[in-house]
Amino acid sequence: MMVLMETDSIECLIDNDEIHHNHQFSSTKSHGGATVVISPATSVYELLECPVCTNSMYPPIHQCHNGHTLCSTCKSRVHNRCPTCRQELGDIRCLALEKVAESLELPCKYYNLGCLGIFPYYSKVKHESLCNFRPYSCPYAGSECAVVGDITFLVAHLRDDHKVDMHTGCTFNHRYVKSNPQEVENATWMLTVFNCFGQYFCLHFEAFQLGMAPVYMAFLRFMGDEEDARKYTYSLEVGGSGRKLTWEGTPRSVRDSHRNVRDSHDGLIIQRNMALFFSGGERKELKLRVTGRIWKEQQNPDSDVCIPNLCV
């Protein structure tokens, strides 16, 4: 069937017999709208891909007088010029393509990572932003690392590419030394990875400015999703000269960015004066020893009371 329609002097041409169907990934219905030309070798899913950002297009979908389409976000990025034919873009909506999109059910883009869900076109993006199969970002905060992957891949990446220290066990004792503690900028000091309970945890220790004063902060992140992170508890302790500070909390998931965790102050924060006091001496060199442990709460079947399961 040939659908022919004029909208603002723009011809609408959709040959539904020529739409290439991949029944595993999409289905379509016949609709009218603005100019859309679909070649026999073009899938509907490919047709809905913005040629500029390559993301799926959602209303309003714009088009030029020659029928080339792009998403509303990219319309302003290309300075109102069609990226395909360089013709000036008006305010023409591709209503046909928007109607086609409404009829589609597509797989999650992480289907090759294990997600088997099929979703209506307009709810797919929301699902993908929360999909448990989406890859994790590299948790290393000392550089703008763009590497993504599953946990096994990222552990090897941290070890081999970032030369991160790897430890087995759920207790730790680390010493941090800095010769000139006055030189404190937004710089990450150290990342250590721990393997316990068959899971991986990242211990961060760093210095950064909090207001006008530098502070030191230690916190733990869980290499997995938030739901699993809440199954664990950790404690941190730092002290010296007969005093100590302690922190106890739940590790944050690496889904939550390092900066968000740091800026929320969700960890052990040590003011510089206190850190220097713990260091002893003439307060010209920072020497901090941070100890901690990780445990998992388990339900006692006889008393309905959670008891700590310590890793040794």
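Going by what an unreviewed UniProt entry lists, the protein is known as RING-type E3 ubiquitin transferase and is assigned to Arabidopsis suecica. Per its UniProt entry, the protein bears the Pathway (unreviewed entry) comment "Protein modification; protein ubiquitination." The record held by UniProt for the protein lists under Sequence similarities (unreviewed entry) the comment "Belongs to the SINA (Seven in absentia) family."

> Pulling in residues and values, what's your account of the packing of aromatic side chains?
Centre-to-centre distance and the angle between the planes together describe a pair of aromatic rings. What the rule picks out here adds up to eight aromatic pairs. The interplanar angle of 25° and the centroid separation of 5.5 Å between the aromatic rings of Phe222 and Tyr232 together place this pair among those described as stacked. Separated by 10 residues along the polypeptide, Phe222 in strand 14 (residues 213–222) and Tyr232 in strand 15 (residues 232–240) bring together distant segments of the chain. A connected cluster of aromatic rings, assembled from ring pairs, spans Phe197, Phe201, Phe222 and Tyr232. Directly above the aromatic system of Tyr136 lies the positively charged group of Arg255, at a separation of 3.8 Å from the ring centroid.

> Requested: an account of helix 8 (residues 272–279), with residues and values cited.
Buried within helix 8 we find Ala275, Leu276, Phe278 and Ser279. One side of helix 8 carries all its buried residues, which in axial view fall inside an arc of 155°. Following helix 8 by one or two positions, Gly280 has its phi on the positive side, about 70°.

> I'd like to hear about the state of the cysteines, residue by residue, with values.
Inspection of every chain in the model, using the stated rule, returns one disulfide. The partner cysteine of Cys170 in its disulfide is Cys196, sulfur to sulfur 2.5 Å. Across the S-S bond linking Cys170 and Cys196, the dihedral sits near 130°, which makes this disulfide right-handed. Of the two residues, Cys170 is situated in the loop between strand 10 (165–168) and strand 11 (171–178) and Cys196 in strand 12 (residues 187–196); the sequence distance between them amounts to 26 residues. We note that Cys170, like Cys196, is buried. Looking at Cys82, it has no disulfide partner, and the nearest cysteine sulfur is the one in Cys85, 3.6 Å off.

Conventions used here
Residues numbered from 1 in each chain as written. Predicted model: local features only at pLDDT ≥ 70, side-chain atom pairs only at ≥ 80, totals over all residues. Heavy atoms only, no water. UniProt positions renumbered as here; feature names shortened; annotations may be inferred. Phe/Tyr/Trp six-rings, centres within 6.5 Å; stacked < 30°, edge-to-face > 60°. Helix = DSSP H or I, 4+ residues; strand = E, 2+ residues; numbered from the N terminus. Lys NZ or Arg CZ within 6 Å of the ring centre and 35° of its normal. Buried < 20%, exposed > 50% of the residue type's maximum accessible area, 1.4 Å probe, protein only. Arc of directions from axis to C-beta. Disulfide = S-S within 2.5 Å.

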